[in-house]
Amino acid sequence: MTKHIILDTDPGIDDSLAILLALASPEIQLEGLSVVHGNSSTEQGTINALSVLELAKASHISVYKGCDLPLVQPSLLAPETHGAQGIGYAKLSAPQIKPQLQKGSDFLIEKIMSAPKEITLVCIGPLTNVAMAIRQEPRIVENVKEVFIMGGAIRHEGNTTPLAEFNTYVDPHAAHIVFHSGMPITLTPLDVTYQCIFLKDDLNRLLKIDSPITKFISDATRFYMEFHDEYQKIDGCVINDPLTLALTFMPELCDYQELYVDVDLSGGVSMGNVFADFYNMTKKPANMKVALGVRPRDFMELFLERMEKFTLSFA
Ligand code: RIB
Ligand code: CA
């Protein structure tokens, strides 16, 4: 069954890989991209989204510019992780296509309300656009089919503070609104994404195919690998967002627990930290499914196979 997906994204190196995986997956019909601040500014992220779509000959996919700032927190971008332009060492020509005039949060509302229980929302950046959409039109909560969120670090260390993951740290207030909205959420935290490391051998496999797409993947992930080596002593790079996208059509890649999950807004050292109530101490009902186990190489094989097939389709 085709999944009609909206990708709310902050492109971003691993976001770009998720966009390519969506385009390479026959199970998915990409209904549009809403761009949010995060890895780079919304302005730059919108350019990156348009450029990656053009690279992949998918200019028909509409792109909507979303919020430029978190709801409450000051802006935090990640040039050290994704590069000044947000796509590492990759250089893409300026996009010929333009974003839509409609705002990102308005697009989310219009699309979800126009197709009740049909839209799968995949959130792979800070949740500002989604929180704004919920506040503007609360009925999207019961009209969205399902929501997949890349965010949080449950039992895993943070990647932005010792406790917090980037997407929920950048806009913890937005995460709080979305987590407690009642939307049918599946959360993909660092607990599983940090087991999905894109290795140099994986990249070399893709580079056997001479293509603008494999060159883009190489130039983008080389920067990302240097970051992971320098800051976290990881050999390779963590591709958080493609795993999150893959779970929309291959949920069996992970094992899940239904849990009550919350995010810390106290403003102290654990600000933006996402935690789960494993022993139901709060007596609150579970508000999401959390991926806590994963088959990493099954995922990586899927990603590589899809990238190879997609790239060869351009040859
Ligand atoms: O913490 C990883 C997440 O933050 C990923 O979605 C990455 O692209 C950044 O947005
Ligand atoms: Ca992202």
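Residues numbered from 1 in each chain as written. Chains lettered and ligands numbered in written order. Predicted model: local features only at pLDDT ≥ 70, side-chain atom pairs only at ≥ 80, totals over all residues. Heavy atoms only, no water.

A.B. asks: Would you take a moment to explain the overall build of the protein chain for this structure?
C.D. replies: Looking only at helices and strands, one finds 13 helices and 12 strands in the protein chain. Within the protein chain, the proportion of its 315 residues that are buried is 62%. In the protein chain, the proportion of contacts linking residues at least 24 apart, taken out of those at least 6 apart, comes to 84%. A total accessible area of about 12700 Å² is found for the protein chain, and carbon and sulfur atoms account for 54% of it. Here the protein chain holds 25 positive side-chain charges and 39 negative ones, and the gap between their average locations is 3 Å. (Helix = DSSP H or I, 4+ residues; strand = E, 2+ residues; numbered from the N terminus. Buried < 20%, exposed > 50% of the residue type's maximum accessible area, 1.4 Å probe, protein only. Contact = heavy atoms within 4.5 Å. Areas by Shrake-Rupley, 256 points an atom, 1.4 Å probe, with all protein chains shown as cover. Lys, Arg positive; Asp, Glu negative; His and termini not counted. Charge placed at Lys NZ, Arg CZ, Asp CG, Glu CD.)

A.B. asks: In this structure, what is going on with the sheet that holds strand β5 (residues 146–150)? I would like to understand it.
C.D. replies: Backbone-to-backbone hydrogen bonds join strands into a sheet, with any given pair of strands oriented parallel or antiparallel. Strand order in the open sheet formed by 8 strands is β3-β2-β1-β4-β5-β6-β12-β9, with mixed pairing between adjacent strands. In the strand order of this sheet, the two ends are held by β3 (63–65) and β9 (254–259), each with one partner. Sheet twist, expressed as the average angle between the axes of neighbouring strands with direction ignored, equals 25 degrees. Relative to strand β12 (residues 288–294), β9 runs antiparallel, the two being bridged by 6 bridges. Residue Q257 lies in a different strand from β12, and its bridge partner there is V290. Docked against the sheet, helix α1 (residues 13–23) engages β1 (3–9) and β2 (28–35), running at close to 155 degrees with respect to β2. (Pairing = 2+ DSSP bridges. Axes fitted to C-alpha atoms, helices over the stretch in contact; angles between N-to-C directions.)

A.B. asks: What should I look at first to understand the pairing of β5 in this one?
C.D. replies: Successive side chains on a regular strand alternate, one facing one side of the sheet and the next facing the other. Within β5, 5 of the 5 residues are buried, leaving the element largely enclosed by the surrounding structure. Both faces of β5 are covered, namely the face carrying E146, F148 and M150 and the face carrying V147 and I149. Examined bridge by bridge, strand β4 (residues 119–123) and β5 share 4 bridges and lie parallel to one another. Looking at the pairing, L121 lines up with V147 of β5. Note that β5 and strand β6 (residues 185–188) share 4 bridges and pair parallel.

A.B. asks: I keep staring at the coordination of the calcium ion (ligand 2) and nothing clicks. Help me out?
C.D. replies: Four donors placed tetrahedrally about a metal ideally form angles of 109.5 degrees, and six donors placed octahedrally ideally form angles of 90 or 180 degrees. Ligation of the calcium ion (ligand 2) by protein atoms is provided by D10 (OD), D15 (OD), D15 (OD), I124 (O) and D241 (OD), these donors lying 2.1 to 2.6 Å from the ion. Read in sequence order, the donor residues for the calcium ion (ligand 2) give the motif D-x4-D-x108-I-x116-D. Separated by 114 residues along the polypeptide, D10 in the loop between β1 and α1 and I124 in the loop between β4 and α5 (128–136) bring together distant segments of the chain. (Donors = N, O, S within 2.8 Å, 3.2 Å for Na, K, Ca; no water.)

A.B. asks: Where do I start with the nonpolar core in this structure?
C.D. replies: The nonpolar side chains of a soluble globular protein tend to be buried with one another. Ranked by internal contacts, the top residues of the largest apolar core, which has 65 residues, are F198, I217, L245 and F303. Setting aside residues up to four positions removed in sequence, L245 forms contacts with I5, L7, A18, L21, A22, I28 and V122. Residues I119, A174, M183 and M288 belong to the second largest nonpolar core, which totals 37 residues. (Core = buried A, V, L, I, M, F, W, Y, C linked by side-chain atoms within 4.5 Å.)

A.B. asks: Teacher, can you tell me more about the packing of aromatic side chains here?
C.D. replies: One pair of aromatic rings is described through two measures. These are the centre distance and the angle between the planes. For the coordinates displayed, the defined rule picks out 6 aromatic pairs. The rings of F198, F299 and F303 are connected pair by pair, giving a single aromatic cluster. One residue, R155, lies across the ring of F278, its end atom 3.8 Å from the ring centre. One residue, K289, lies across the ring of Y256, its end atom 4.4 Å from the ring centre. (Phe/Tyr/Trp six-rings, centres within 6.5 Å; stacked < 30°, edge-to-face > 60°. Lys NZ or Arg CZ within 6 Å of the ring centre and 35° of its normal.)

A.B. asks: In this structure, what is going on with the site of ligand 1? I would like to understand it.
C.D. replies: Close to ligand 1 lie D10, D14, D15, N39, I124, M150, N159, E165, F166, N167, N240 and D241. Within the side chain of N39, a nitrogen or oxygen atom sits 2.9 Å from an oxygen atom of ligand 1. A distance of 2.6 Å is found between an oxygen atom of ligand 1 and a side-chain nitrogen or oxygen belonging to E165. Relative to its free-state accessible area of 280 Å², ligand 1 is covered by the protein chains to the extent of 97%. Secondary structure elements with two or more residues in the shell around ligand 1: α1, α7 (166–170) and α12 (240–246). A per-class count over the shell around ligand 1 returns 3 nonpolar, 4 polar and 5 charged. (Near = heavy atom within 4 Å. Polar contact = N/O pair within 3.5 Å; in protein donor to acceptor, adjacent residues only side chain to side chain. Nonpolar A, V, L, I, M, F, W, Y, C, P; charged D, E, K, R; others polar.)

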